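Close look at the chain arrangement
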Amino acid sequence: MMNQGMDISKNPVCNLVRGERIRGKWHHNEYAIRRLLGYGATGAVYLADSARGSVALKIGHDSMSITSEVNVLKHFSRVQGIVLGPSLIDVDDWNSTSGRYPFYVMDYLKGENVFEFLDRNGPEWFGIIILQLLNSLQKLHEAGWAFGDLKPDNLLVTGPPYKIRWIDVGGTTQLGRSIKEYTEFFDRGYWGLGSRVAEPSYDLFSAAMIMINSAYPARFQKKAEPSRQLFEAVRKSGKLQPYESIIKKALQGKYKSAEEMKHDLLLLLHHDRQPAPSQKSPPVKKPAASTAKPSPQQTTRQVRRQKKKSWAFETVLLFTFFSILYLFYMIGQTM
Amino acid sequence: MMRKKGTLRQILLITDGCSNQGSDPVAMAALASEQGITVNVIGVLNENMPEYHRQGLKEVEEIASAGGGISQIVYTKQLSQTVQMVTRKAMTQTIQGVVNGELQQILGGKSTLDDLPPDKRGEVMEVVDELGETMDLEVLLLIDASGSMEDKMATVQESLLDLSISLNSRIGDNQFAVCVFPGKKYDAELLMDWSSRLESVTKMLSQVELGGITPTGPAIKEAISIFQSRRSKRGLLSRDDEPRDGYFKESGM
């Protein structure tokens, strides 16, 4: 526990070799290590073989943090009917020659890094993946939790059918408590744009930062005026420009729920689909786009105005119809 | 469930080198620990620091160990995240220490949390997590203001703001005080008295005159007395002092 370095790559649990057998002290299940999948602050995750097939095994050196993660995974399994993250299979301790290490076993999710997936499958998947992310966030928030350490490294696209899943739930925190695990680039506290209280808007900020990260794969450091710096970065990126108002609202914490952000994104995605045929003639489209760049809010208003217009038209029509009817009735009475 | 709230007391020492004046900092850290104050230490490294300087930071580990706390040696740019992480970890460690003490009383022998079966461990951990979230916290930040810290002060400022954001997102109450050493007249100077916010300190920190010596030991001693004067003041002024200390009295903290 003392002087626990940030770099745990030298820890024995990060250097298990292929074929090593991990046998649980309490439940006596045995797992054979196949390969390292990755490691984080609290331990390493391995692909392993067990009696029930391939599993992901996370092993650490600090029983407290491993136990905390297990608690979160357990809570997830209590949220019925929703697949949010990997499900928990086993929790145990391993007595090795160099010491006792706590570990837990989860489903092995086979998938692809989010950004690699987007590179391979084209930009139209970008909005859909974000939409899927917002959908799962909404369910998570409704269950009373915030994800906390939301970043591309903790997300995986499985399939087909392609679905976004999260793999590391170590930062997941009950709503109303404080976020303990975060990554600076995705943390609104770091950017001076809010607290570290676990609430839906905290995750939505990180979701917006994932969008920004997709346009700036190398990420960037905070400068003197952090919020302006972020807005500039969004404005300057051709990829992010269509999403500008959504990203900005999420960064400013104006979305109180994932549903609100999803709503705006859906409007934008539907709006995008309409001018698609005109893409064949870009010279025609370009001036139109530069003169009027409708933000999603404007789009909403336009749709509403159209609705209003048609409603007014219907009223007038109905009124005329009844007036004529009344006229005939009056004529009938006088005759 | 343990609902009785207590207060966790911590000294967080941020330094970049070896003490070179006055009493032994390791002994002073042990003294603090005996009085229920945890001493955590962060050693700040320059990216281009010579190897012998790194050796000087060995003391960092010894001070934290004697003070029942956590130490971490980091490069300047990692400071923000480290300050909040060390504070958090130390809180959890202290609470876990108390829980282990209780477990030994119940189960006897040298039982700790790790000896419980995983299911039970999970239940205890939920209590530890909840206490970490809801307990009141007093942190005295003890900042090395010797000449070599000059190029790091801006980062220290930033990391204090960051700590304030993190801890004030908790449910429990926080009180911070900031001390720099060496002070103008004494070994350590109180820059900011107890307050729930750290924002006001950032301007003051940039105006601190940096001195040549590093009296780490006397500074820790001064920090302990700041805690003591706070406690006696509160004893006179407020009636809620008793329940605040209730939880840890029994466990010998």
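What you see is a predicted model, and the numbers here were worked out from it, not measured in a lab. (Residues numbered from 1 in each chain as written. Chains lettered and ligands numbered in written order. Predicted model: local features only at pLDDT ≥ 70, side-chain atom pairs only at ≥ 80, totals over all residues. Heavy atoms only, no water.)

The next point concerns the sheet that holds strand β2 (residues 30-39) of chain A. Residue and element names in this part refer to chain A. Spatially, the 6 strands line up as an open sheet ordered β1-β2-β3-β4-β6-β5, and their pairing is antiparallel. Strands with a single pairing partner mark the edges of an open sheet, and in this sheet they are β1 (21-23) and β5 (88-96). Mean inter-strand twist for the sheet, computed between neighbouring axes without regard to direction, equals 40°. Pairing analysis gives 3 bridges linking β1 to β2, with the strands arranged antiparallel. When the sheet's bridge partners are listed, R23 is paired in β2 with E30. (Pairing = 2+ DSSP bridges. Helix = DSSP H or I, 4+ residues; strand = E, 2+ residues; numbered from the N terminus. Axes fitted to C-alpha atoms, helices over the stretch in contact; angles between N-to-C directions.)

Take the pairing of strand β9 (residues 155-158) of chain A next. Residue and element names in this part refer to chain A. Burial of β9 is two-sided: the residues L155 and V157 facing one way and the residues L156 and T158 facing the other way are all buried. In this sheet, strand β10 (residues 163-166) lies alongside β9 in antiparallel orientation, the contact comprising 4 bridges. Directly across from L156, in β10, lies its bridge partner R165. Connecting β9 to the antiparallel partner β10 that follows it, the hairpin turn spans 4 residues, and G159 within it adopts a positive phi of roughly 125°. (Buried < 20%, exposed > 50% of the residue type's maximum accessible area, 1.4 Å probe, protein only.)

Taken together, the contact between chain B and chain A spans 37 residues of the former and 34 residues of the latter. Between chain B and chain A lies a buried interface of about 3100 Å² when both sides are counted; carbon and sulfur atoms form 48% of it. When the buried area of chain B at its contact with chain A is split by residue, B:Q81, B:P118 and B:S169 rank highest and sum to 17% of it. For B:E130, the salt bridge is made with A:R177, and the minimal N-O distance between the two is 3.8 Å. The tally of links from chain B across to chain A stands at 15 residue pairs in polar contact (both at pLDDT 80 or more). Looking at the side of chain B that touches chain A element by element, the count peaks at 10 residues for helix α4 (residues 79-107) of chain B. Classifying every residue of the side of chain B that touches chain A by side-chain character gives 9 nonpolar, 14 polar and 14 charged. (Contact = heavy atoms within 4.5 Å. Buried area = accessible area lost by both parts, 1.4 Å probe. Salt bridge = Lys/Arg side-chain N within 4 Å of Asp/Glu carboxyl O. Polar contact = N/O pair within 3.5 Å; in protein donor to acceptor, adjacent residues only side chain to side chain. Nonpolar A, V, L, I, M, F, W, Y, C, P; charged D, E, K, R; others polar.)

Residues and elements named next belong to chain A. Of all 8 residues making up strand β4 (residues 53-60), 6 are buried, and the element is well covered by its neighbours. Here 8 bridges tie strand β3 (residues 43-50) to β4, and the two strands are oriented antiparallel to one another. When the sheet's bridge partners are listed, Y46 is paired in β4 with L57. In the sheet, β4 pairs with strand β6 (residues 99-107) via 5 bridges, with the strands oriented antiparallel. Across the sheet, the residue bridging to V55 is D107, located in β6.

Now for the nonpolar core. Core analysis: the biggest nonpolar cluster contains 56 residues, and A:L133, A:L137, A:M209, A:I212, A:I247, A:L251 and A:L265 have the highest contact counts within it. Mapped onto the domain boundaries, this core takes at least three residues apiece from domain 1 (12-107) and domain 2 (111-272) of chain A. Counting residues in hydrophobic clusters, the runner-up holds 44 residues, among them B:L12, B:V74, B:V83 and B:F176. (Core = buried A, V, L, I, M, F, W, Y, C linked by side-chain atoms within 4.5 Å. Domains from an automatic or database assignment.)

On to the environment of A:L266. All names here are of chain A. Relative to the assigned elements, L266 resides in helix α7 (residues 258-273). L266 sits in the partly exposed class, given a relative accessible area of 33%. Separated by 112 residues in sequence, L266 and N154 have C-alpha atoms that sit 24 Å apart.

Residues and elements named next belong to chain A. All chains considered together, the criterion is met by 14 aromatic pairs over all chains. Summarising the aromatic geometry, the rings of Y31 and F103 are spaced 6.0 Å apart at their centres and angled 80° between planes, so their arrangement reads as edge-to-face. Remark: F103 occurs in strand β6 and Y31 occurs in strand β2; sequence separation between them is 72 residues. Between F185 and F186, the aromatic rings sit 5.1 Å apart at their centres with planes inclined by 80°, giving edge-to-face as the arrangement. This pair shows no difference in class: F185 is buried, exactly as F186 is. An aromatic cluster is present here, built from F185, F186, Y190, W191, Y216 and F220 joined pairwise through their rings. One Lys or Arg, K222, reaches over the ring of Y190 and ends 4.4 Å from the middle of that ring. (Phe/Tyr/Trp six-rings, centres within 6.5 Å; stacked < 30°, edge-to-face > 60°. Lys NZ or Arg CZ within 6 Å of the ring centre and 35° of its normal.)

Once that is clear, we can look at the UniProt feature "binding site: ATP" (unreviewed entry) in chain A. All names here are of chain A. With numbering aligned to this structure, UniProt lists the feature "binding site: ATP" (unreviewed entry) at K58. Mapped onto the elements of the fold, K58 is located in strand β4. Apart from the residues lying within four places of it in its own chain, the contact partners of K58 are T42, G43, A44, V45, I66, E69, P102, F103, Y104, M106 and D168. At 3.0 Å, the side chain of K58 forms a polar contact with the side chain of T42. (UniProt positions renumbered as here; feature names shortened; annotations may be inferred.)

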